[in-house]
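What follows is each chain in one-letter form.
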Amino acid sequence: MDELLDRLTPYIARICTPIALADGPDATQEALVAVFRSLRSLKDPQALYGWVRAIAVREAVRVARRAARARPAELADVPERGDPQLAADIEDVLARLSPSHRAVLVLRDVEGLDEEAVAALLGVPAGTAKSRLHRARMSFRKAWSA
């Protein structure tokens, strides 16, 4: 179990952190717990990383949504238009996106999955994943250039 934990933790953290942002460590922990609770349900050991990725994405989105409800954004925390720091800090731009938009961007543009795989991981139709990706990219570009 220790070896499995050592191998999966960096992989899960790489998925959870860009989606859950500051709550990435919490999302990683939640995903690891979910993986170990459900380990017996894994039917094909060859599919371990895909199975773990699905759990990590689900947990990261869940933790990010929970955190967003718990901490409403303060207007003072939102960078003003034309602030040079906004263009320099990708994490800040990602923080302004919804968890579902962050998830689709990370899975498609960071992890390199195709739209069908992203849709399957997020549990939505392929058309929904494509439209979310389009809206997420538009939102990211708008925040980046602001």
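Residues numbered from 1 in each chain as written. Predicted model: local features only at pLDDT ≥ 70, side-chain atom pairs only at ≥ 80, totals over all residues. Heavy atoms only, no water.

(A) Just the overall build of the protein, in detail. The helix and strand inventory of the protein stands at eight helices and zero strands. For the protein, the N- to C-terminal ordering of α and β elements is α-α-α-α-α-α-α-α. Scored against the burial criterion, the 146 residues of the protein give a buried share of 40%. (Helix = DSSP H or I, 4+ residues; strand = E, 2+ residues; numbered from the N terminus. Buried < 20%, exposed > 50% of the residue type's maximum accessible area, 1.4 Å probe, protein only.)

(B) Spotlight on the nonpolar core. Core analysis: the biggest nonpolar cluster contains 43 residues, and Ile12, Ile19, Val52 and Leu122 have the highest contact counts within it. Among the elements that line this core, the one with the most residues is helix α3 (residues 48-70), at 10 residues. Discounting chain neighbours no more than four positions away, the residues touching leucine 122 are Val57, Ala103, Val104, Leu107 and Arg132. (Core = buried A, V, L, I, M, F, W, Y, C linked by side-chain atoms within 4.5 Å. Contact = heavy atoms within 4.5 Å.)

(C) View of the pattern of salt bridges. In this structure the tally under the stated criterion is six salt bridges. Its salt-bridge partner being glutamate 30, residue arginine 62 comes within 3.3 Å of it at the nearest N-O pair. Placement of arginine 62 in helix α3 and of glutamate 30 in helix α2 (residues 24-38) is noted, with a sequence separation of 32 residues between them. Measuring nitrogen to oxygen at the nearest pair gives 3.2 Å for the salt bridge that ties glutamate 115 to arginine 108. Assessed through its relative accessible area of 25%, arginine 108 is described here as partly exposed. Within the structure, one salt-bridge network assembled from shared partners comprises Glu30, Arg58, Glu59 and Arg62. (Salt bridge = Lys/Arg side-chain N within 4 Å of Asp/Glu carboxyl O.)

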